[in-house]
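Secondary and tertiary structure notes
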Amino acid sequence: MNRNQTLFDRAQTVIPGGVNSPVRAFGSVGGSPRFISRAEGARIWDADGAAYVDYVGSWGPAITGHAHPAIVEAVREAALRGLSFGAPTEGEIEIAERLCALLPSLEMVRLVSSGTEATMSAIRLARGFTGRDTIIKFEGCYHGHADCLLVKAGSGLLTFGNPSSGGVPADFAKHTLVLDYNDPAQLEATFREKGDEIAAVIIEPFAGNMNFVRPGDDYLHLLRRLCTAHGAVLIFDEVMTGFRVGLQGVQGLVGITPDLTTLGKVVGGGMPVGAFGGRRDIMEKVAPLGPVYQAGTLSGSPLAVAAGLASLKLVSASGFYDALGARTRQLTDGLAAAAARHGVSFSAQAVGGMFGLYFAAAVPQNFAEVMTSDRAAFNRFFHAMLEAGHYFAPSAFEAGFVSSAHGEADIAATVAAADQVFAGMAAL
Ligand code: KE4
């Protein structure tokens, strides 16, 4: 038995599912997860010493590649000065100033230790600011595991949601409306009916948790107009897209100013950092300044801030996203061409360092279309590529990520391996 399997068997005796986050357990694709022993640049190595070109990148943080020397050195230096103080530090001011300079919609920002904390806090803040209870989320979007966000659509358009997880009381879900992503008519009808009850709308402006799905160009602008008209707080959850699709996230690409933005992943450079920020009049409601409580022992940890500052400095370099986008398109164009050569129903799209692969003829634009893609085909592709040394997200419903450490040769090797896999799939 290989070491990955031995470790997985051992892990399952003391950790639920053998993992500290469910998607890592390979439940969606079958088989056993690889236990990663180390990572550097575009590669990860598993417990058996096998190397993989990595397209998960820790689900987004590793945008400059794994173990980037500048980030590792920043963390090492910070650690030598002490790991955590539970008191303010200059570094927290620096990263707050850097985030506000990079994202014009941020007038103030609060650091936390995960994307879940960021979205949970932003929802509480929007409710505290407006005095309203109702929030809107969208089917297929994931914002972390706060109770009010683990909610699936109710039975009818305007009926409140039902818990999508065990342990979430119906009462905690009843203030959450779940709408279809990218359905303008439904959005307008909902605001017509309930607009003045709505505290906040939280959306992944480009969705990355139902695979990679972008809404129609006008959809986000319509959402901005409706929130403004009804006094609802517009929250762009850019935990995944922030500093991933471009230096100013989706809000910079589409030219929309959300009222609040949530961040994570790249902002911590691989260390635990989340953040929420936005309009000053809203942020001034946060404790200790205002009545909306929010706190965290390790919020703004000196090590995490050091990693985050180093990560933000690297992605701010001139031409970073031009080069990254070209590399990601080399992957998606190469895979689409290879699939077409072998007659495999496949499509793909890329924005910045983020991509989606679909075993479907066309790129999906909403949750229903995503669900029509061939999940069995993806799973065959996933395992064949894993065996060939190319590590994609272990689910047909996740986005993929390229880093600045991926070279043309790495991408070409992945495309060549996929060509073989598609040939085999076509023969089936
Ligand atoms: P965390 O609490 O996992 O740091 O962030 C939650 C979160 C919030 N918002 C968005 C848009 C996110 O994508 C996430 C987390 N993303 C998943 C990837 N599907 C993390 C991977 C996992 O759950 O293990």
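Before reading on, note that the structure itself is shown above.
Let me begin by describing the structure that accompanies this report. (Residues numbered from 1 in each chain as written. Predicted model: local features only at pLDDT ≥ 70, side-chain atom pairs only at ≥ 80, totals over all residues. Heavy atoms only, no water.)

**Here's the deal with the layout of surface pockets**
Any space left empty among the atoms is revealed by the rolling of a water-sized probe across them. In this structure, the second largest pocket occupies an estimated 520 Å³ of space. Around the second largest pocket sit 25 residues that line it, and Glu92, Val109, Arg110, Leu111 and Ser299 are the ones nearest its centre. Considering every element that reaches the lining of the second largest pocket, the biggest residue donor is strand 4 (residues 108-112), with 4 residues. Considered class by class, the residues forming the lining of the second largest pocket number 14 nonpolar, 9 polar and 2 charged. (1 Å grid on protein atoms, 1.4 Å probe; cavity = no way out; pocket = protein on both sides within 12 Å on 5 of 7 lines; lining within 4 Å. Points joined across faces, edges and corners; volume = space filled by probe spheres on them. Helix = DSSP H or I, 4+ residues; strand = E, 2+ residues; numbered from the N terminus. Nonpolar A, V, L, I, M, F, W, Y, C, P; charged D, E, K, R; others polar.)

**So, the site of the ligand**
Inspection of the region around the ligand gives 16 residues, with Ser21, Thr116, Asn209, Asp237 and Glu398 positioned closest. Take Gly115: an N or O atom from its main chain is 2.9 Å from an oxygen atom of the ligand. Expressed as a share of its isolated accessible area of 540 Å², the protein-covered part of the ligand is 85%. When its residues are assigned to classes, the shell around the ligand shows 5 nonpolar, 7 polar and 4 charged. (Near = heavy atom within 4 Å. Polar contact = N/O pair within 3.5 Å; in protein donor to acceptor, adjacent residues only side chain to side chain. Areas by Shrake-Rupley, 256 points an atom, 1.4 Å probe, with all protein chains shown as cover.)

**Thoughts on the pairing of strand 13 (residues 347-351)**
It is a general feature of regular strands that their side chains alternate between the two faces of the sheet. Only one face of strand 13 is buried, namely the one carrying Ser347, Gln349 and Val351, since none of Ala348 and Ala350 on the opposite face is buried. The sheet contact formed by strand 13 and strand 14 (residues 354-358) spans 5 bridges and is antiparallel. Across the sheet, Ser347 pairs through a bridge with Tyr358, a residue of strand 14. Hairpin connection between strand 13 and strand 14: a loop of 2 residues separates the two successive antiparallel strands, and Gly352 in this loop has a positive phi of roughly 60°. (Buried < 20%, exposed > 50% of the residue type's maximum accessible area, 1.4 Å probe, protein only. Pairing = 2+ DSSP bridges.)

**Thoughts on the sheet that holds strand 16 (residues 400-401)**
Across the sheet, which stays open at both edges, the 3 strands sit in the order 13-14-16 with antiparallel pairing between neighbours. The sheet is open, and its two edges are formed by strand 13 and strand 16, each paired on a single side.

**Let's talk about helix 1 (residues 3-14)**
For helix 1, spanning 12 residues, the distance from its first C-alpha to its last is 17 Å, which sits close to the expected 16 Å at 1.5 Å a residue. For helix 1, the full list of buried residues reads Asn4, Leu7, Phe8 and Ala11. Projected onto a plane normal to the axis of helix 1, the buried residues spread over an arc of 100° and lie on a single side. For helix 1, the exposed residues lying more than 90 degrees away from the buried face are Arg10 and Thr13. Residues of helix 1 that are buried make contact with strand 2 (43-46). Between the side-chain oxygen at the start of helix 1 and the backbone nitrogen of Asn4 there is a gap of 3.0 Å, and the oxygen is on Asn2. (Expected span 1.5 Å × (residues − 1). Arc of directions from axis to C-beta. Contact = heavy atoms within 4.5 Å.)

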